Amino acid sequence: MTLKSSQDAAASFHPLRPKLIRIAYRMLGSVADAEDVVQEAFLRWLDADRESVREPEAFLRRVVTRLCIDHLRSARHRRETYIGPWLPEPVIEPESEFDDITLPLMMALERLSPLERAAFLLHDVFGVSFDEIAETIGREPAACRQLASRARNHVRAARPRFTLPKERGLELAAAFFAASRNGDMQRLRALLAADVAVYADGGGKVPAAMRPIVGFDKVMQFQTSLAQFFAKNMSRLLRYGFINGLPGFVTIEHGGILQTTALQIDDGKITAIYVIRNPDKLQHLSCTSH
């Protein structure tokens, strides 16, 4: 391959890279894995007969999707043996464009088969036709419609019922941070919904709750114990922002542990608290957080 050929391949690939990253990240829930998949797609683009490719974007979208499906099939065992709750890697605005699907919806996608996830994301999120999806995953268009429909039914409950203005979301994130760190239990009680739940992902590498904490009383008991800890080991707030589409904040916790906290808010109340502490999932944030 000549230098000019490589340069031409890179020039045609580079503008498409952000879209391909979006697809791969939504499929995999991992920034690092998404970047690896897109890099592999670029290597295949280098080896392809590019002059015969009429639509480079569609060609590369198919390559990335197929690579993601293969990755998901091989990763299923790793997810099943993961220590504690599994949460997707956090991506924070405004550095990202990953706010079209919220964290709860990404968790719901985990319950889908790789083909259901591909059909749903490509059609409902990225606007790809069922004919192209059929060619991508090796199924008939009618079967792809059924895959997307099944996926839609599975994830419907994860879609937000109320639209939350971003400013209000950040106000609630700030109120939660202040109340939880200062031990203001009365204010905290007013912020939480009756069916609130806490999900903490430490991956078995740092301290974190090993199971979801569900229900108002259990969450308040958990927050009360944390408040006693924070009284001696105050968090260092780095920033507020939107984490996978949810309002939240990034902190440095006791022992120098980087942490993201995202809040699902429904009708003005916090219905879920998503905490990511696994250092493997925060590496892409650490270079800009300290």
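Residues numbered from 1 in each chain as written. Predicted model: local features only at pLDDT ≥ 70, side-chain atom pairs only at ≥ 80, totals over all residues. Heavy atoms only, no water.

A.B. asks: Sorry, what's going on with the state of the cysteines here?
C.D. replies: The full count for this structure, using the stated rule, is zero disulfides. Just so you know, Cys-68 is unpaired, no disulfide at all, and the nearest cysteine sulfur is the one on Cys-144, 16 Å from it. (Disulfide = S-S within 2.5 Å.)

A.B. asks: Looking at this model, I keep getting lost on empty space enclosed by the protein. Mind explaining?
C.D. replies: In this approach the atoms are scanned with a rolling probe the size of a water molecule, which exposes any empty space left behind. In the structure shown here, the tally under the stated rule is one cavity of 30 Å³ or more. Taken as a whole, the largest cavity holds about 40 Å³ of empty space. Looking at the largest cavity, the residues that line it are Arg-26, Leu-28, Gly-29, Trp-86, Pro-88, Met-106, Leu-109, Glu-110 and Arg-117. For the lining of the largest cavity, the secondary structure elements donating two or more residues are α2 (17-28) and α5 (103-109). (1 Å grid on protein atoms, 1.4 Å probe; cavity = no way out; pocket = protein on both sides within 12 Å on 5 of 7 lines; lining within 4 Å. Points joined across faces, edges and corners; volume = space filled by probe spheres on them. Helix = DSSP H or I, 4+ residues; strand = E, 2+ residues; numbered from the N terminus.)

A.B. asks: Can you help me understand the sheet that holds strand β3 (residues 236-243) in this one?
C.D. replies: Pairing between the strands of a sheet is mediated by backbone hydrogen bonds and can be parallel or antiparallel. With mixed pairing, six strands are arranged side by side in an open sheet as β2-β1-β6-β5-β4-β3. Because the sheet does not close on itself, it has two edges, and the strands there are β2 (213-214) and β3. Bridge analysis of β3 against strand β4 (residues 246-253) gives seven bridges, and the strand direction is antiparallel. Bridged to Ile-243 within β4 is Leu-246. Its contacts with the sheet put helix α9 (residues 166-182) on β1 (192-201), β3, β4, β5 (257-266) and β6 (269-276), and the angle it makes with β4 is roughly 35 degrees. Each of β1, β2, β4 and β6 touches helix α11 (residues 216-232); the most contacted strand, β1, lies at about 55 degrees to it. (Pairing = 2+ DSSP bridges. Contact = heavy atoms within 4.5 Å. Axes fitted to C-alpha atoms, helices over the stretch in contact; angles between N-to-C directions.)

A.B. asks: I keep staring at helix α8 (residues 141-155) and nothing clicks. Help me out?
C.D. replies: Taking 1.5 Å as the rise per residue, α8 with 15 residues should run 21 Å; its terminal C-alpha atoms sit 21 Å apart, in good agreement. Taken together, the buried positions of α8 are occupied by Cys-144, Leu-147, Ala-148, Ala-151 and Val-155. The arc enclosing the buried residues of α8, seen along the axis, measures out at 95 degrees, which places them on a common side. Here the buried face of α8 lies against α5, α6 (114-125) and α7 (130-137). (Expected span 1.5 Å × (residues − 1). Buried < 20%, exposed > 50% of the residue type's maximum accessible area, 1.4 Å probe, protein only. Arc of directions from axis to C-beta.)

A.B. asks: Help me out: how do you make sense of the pattern of salt bridges in this one?
C.D. replies: Oppositely charged side chains can form a pair if their charged atoms are brought close together. In the structure shown here, the tally under the stated rule is 12 salt bridges. Note that Arg-150 is salt-bridged to Glu-116, the shortest N-O span being 3.0 Å. Here the residue Arg-150 occupies a position in helix α8, and Glu-116 occupies one in helix α6, the gap between them amounting to 34 residues. Here Arg-150 falls in the partly exposed class, since its relative accessible area comes to 40%. When salt bridges with common partners are traced through the structure, they connect Lys-19, Glu-57, Arg-61 and Glu-132 into a single cluster. (Salt bridge = Lys/Arg side-chain N within 4 Å of Asp/Glu carboxyl O.)

A.B. asks: I keep staring at the side chain of Glu-89 and nothing clicks. Help me out?
C.D. replies: Structurally, the position occupied by Glu-89 is in the loop between α4 (56-80) and α5. No salt bridge forms around the buried Glu-89; measuring N to O, its nearest opposite-charge neighbour Lys-281 is 6.8 Å away. From its side chain, Glu-89 meets the backbone nitrogen of Val-31 in a polar contact 2.8 Å long. (Lys, Arg positive; Asp, Glu negative; His and termini not counted. Polar contact = N/O pair within 3.5 Å; in protein donor to acceptor, adjacent residues only side chain to side chain.)

A.B. asks: What am I meant to see in the packing of α6 against α7 here?
C.D. replies: Each pair of packed helices can be described by the angle between their axes along with the distance between the axes. At a minimum axis separation of 10 Å, α6 and α7 run at an interaxial angle of 150 degrees. Comparing their axes, α7 and α6 come out roughly antiparallel. Regarding α6 and α7, the two cross each other, and that crossing is right-handed. Counted together, Leu-115, Ala-118, Ala-119, Leu-122 and His-123 of α6 and Phe-130, Ile-133 and Ile-137 of α7 form the full contact between these two elements. Class assignment for the residues of the contact of α6 with α7 results in seven nonpolar, one polar and no charged. (Parallel < 35°, antiparallel > 145°, perpendicular 65-115°, else oblique. Left-handed = near helix turned anticlockwise from the far one by under 90°. Nonpolar A, V, L, I, M, F, W, Y, C, P; charged D, E, K, R; others polar.)

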